[in-house]
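Understanding the architecture of this molecule
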Amino acid sequence: MWHLYEDVLGDQWRSLIYRKTVNKLRSLPYKVTSVEQIREMYGVGKSLVKMVKEILGTGQLQKLDNLKAQVGEIQVLGSVWGIGAIQARELYKKGFRTVKDLENYSSLTSMQRMGVKYYDDINLRIPRDEVADTEKFVRGVVETLAPGAWVNAAGSYRRGKPTCGDVDILITHPDGSRFTSLRCCTHSSHLHLLCSHQDLLARLGGTQPDMFMGIFHFQGKPYRRIDIKVYPRHVYAFALLAFTGNDVLNRKIRFLARVKFGYKLSDQGLFIRESKKKDVWFTESIPCETEREIFEKLGLDYPEPHDRNW
Ligand code: 8GT
Ligand code: MN
Ligand code: MN
């Protein structure tokens, strides 16, 4: 209950009470087999005695089961595309219990509304063949806009997973001067061919013209989530590394870059931290043409994409 209150429900106060209680019980030099052993303890209230009694008697705790059910419902609300953990908690407090409950809620963003509408489809795994077909399709669209562009499916697909949660696609052009014509490829009009009806799907994420986060509907398959990002060639290796993941590996090498070298590693580059008195700033990125070079700069062995599933 300590962890559920802390991690999911964000109730620091209750979490603290349970943590103190747990630590107190753990510090006893004997195993508690009867409530008489704890009744007189300092800081042990009636409700705890009742709970311990229930656990000793039935091996269960109704209050915990209820809390777990509540946490489960909040986690489902938070699994809707565009709804984060904190908002899921707020929605729960407002009385929403299931994704269906959200169907007619008018305060959702357009992204969240789509997440609700296509919730079941989006949760289906995507066979990698379908990711490959989608990559090929996007490559075709991009080729008409900027011949010679590079189009790569990244994410779990690139790590060799048999099925994927979404489609992640990265785009660049080896000729930097073609970059401008490339950027417009993430505008929904160019990607409308991905979906059968016009009204739906394609949505731009934020205001960045070089990013597209949407839902597409292709060749009669279920509705799928897709992320498309366009990067200039000189940061492409960093972007490819970041969007191949997995996220544990990303965190690990970013942490290592920071503590070992004082570098800042991101999808935009590898920057050296400089400081003078209180001022801290980062230099221009250390140039890396390939992922391999990035690992070399960090003094690490190069892992093939399929070895990045931690
Ligand atoms: P999947 O099969 O569930 O889609 O698995 P995935 O392909 O590994 O996860 P993803 O959510 O599609 O993210 C692809 C990669 O992008 C991850 O490895 C993650 O580390 C990286 N990534 C970032 N920034 C962000 C971000 O803001 N959100 C998400 N979801 N992923 C990000 O570098
Ligand atoms: Mn993915
Ligand atoms: Mn993704």
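Cut-offs used in this document
- Here the residue numbers are simple positions, counted from 1 along each chain's written sequence.
- Just so you know, chain letters begin at A and ligand numbers begin at 1, following the order they were written in.
- Local features in a predicted model are, by the rule used here, given only for residues with pLDDT of at least 70; side-chain atom pairs are given and counted only at 80 or more, and totals for whole chains, interfaces and linings are based on all residues.
- No hydrogens and no water enter the side-chain calculation; it runs on all heavy atoms of the structure.
- UniProt positions are given in the numbering used here, feature names are shortened, and annotations may be inferred rather than shown by experiment.
- Each residue's exposure class comes from its accessible area (1.4 Å probe, protein chains only) as a fraction of the maximum for that residue type: buried when under 20%, exposed when over 50%, partly exposed otherwise.
- Secondary structure follows DSSP: runs of H or I at least 4 residues long count as helices, runs of E at least 2 residues long count as strands, and numbering of each begins at the N terminus.
- At least two DSSP bridges between two strands are required for those strands to pair.
- The cutoff for a nearby residue is simple: one of its non-hydrogen atoms must lie within 4 Å of the molecule or strand.
- Think of a polar contact as two N or O atoms within 3.5 Å of one another; within protein, one of them needs to be a possible hydrogen donor and the other a possible acceptor, and neighboring residues in sequence only count if both atoms come from side chains.
- Surface accessibility in these figures is a Shrake-Rupley result with a 1.4 Å probe; residues are shielded only by whichever protein chains are displayed.
- In this count, Pro and Cys sit with the nonpolar residues alongside Ala, Val, Leu, Ile, Met, Phe, Trp and Tyr, while Asp, Glu, Lys and Arg are called charged and the others, Gly among them, polar.

Named according to an unreviewed UniProt entry, the protein is DNA polymerase originating from Selaginella moellendorffii. The UniProt entry for the protein carries this comment under Catalytic activity (unreviewed entry): "DNA(n) + a 2'-deoxyribonucleoside 5'-triphosphate = DNA(n+1) + diphosphate".

1. A few points about the pairing of strand 6 (residues 224-230)
Where burial is concerned, most of strand 6 is hidden: seven out of the seven residues are buried. Of the two faces of strand 6, the one carrying R224, I226, I228 and V230 and the one carrying R225, D227 and K229 are both buried. When strand 4 (residues 167-172) meets strand 6, the two strands line up parallel, connected through five bridges. For I169, the partnering residue across the bridge sits in strand 6 and is I228.

2. Brief notes about the site of ligand 1
Residues in contact with ligand 1 amount to 15 residues; listed here are only the nearest, S156, R159, G165, D166 and N250. Separating an oxygen atom of ligand 1 from a backbone N or O atom of G165 is a distance of 2.8 Å. In this structure, an oxygen atom belonging to ligand 1 sits 2.8 Å away from a side-chain N or O atom of D166. Burial of ligand 1 by the surrounding chains reaches 59%, relative to a free accessible area of 610 Å². Sorting the residues of the shell around ligand 1 by element identifies helix 10 (155-158), helix 13 (236-244) and helix 14 (247-261) as the ones contributing at least two each. For the shell around ligand 1, the element with the highest residue contribution is helix 13, accounting for three residues. A class-by-class count of the residues in the shell around ligand 1 yields three nonpolar, seven polar and five charged.

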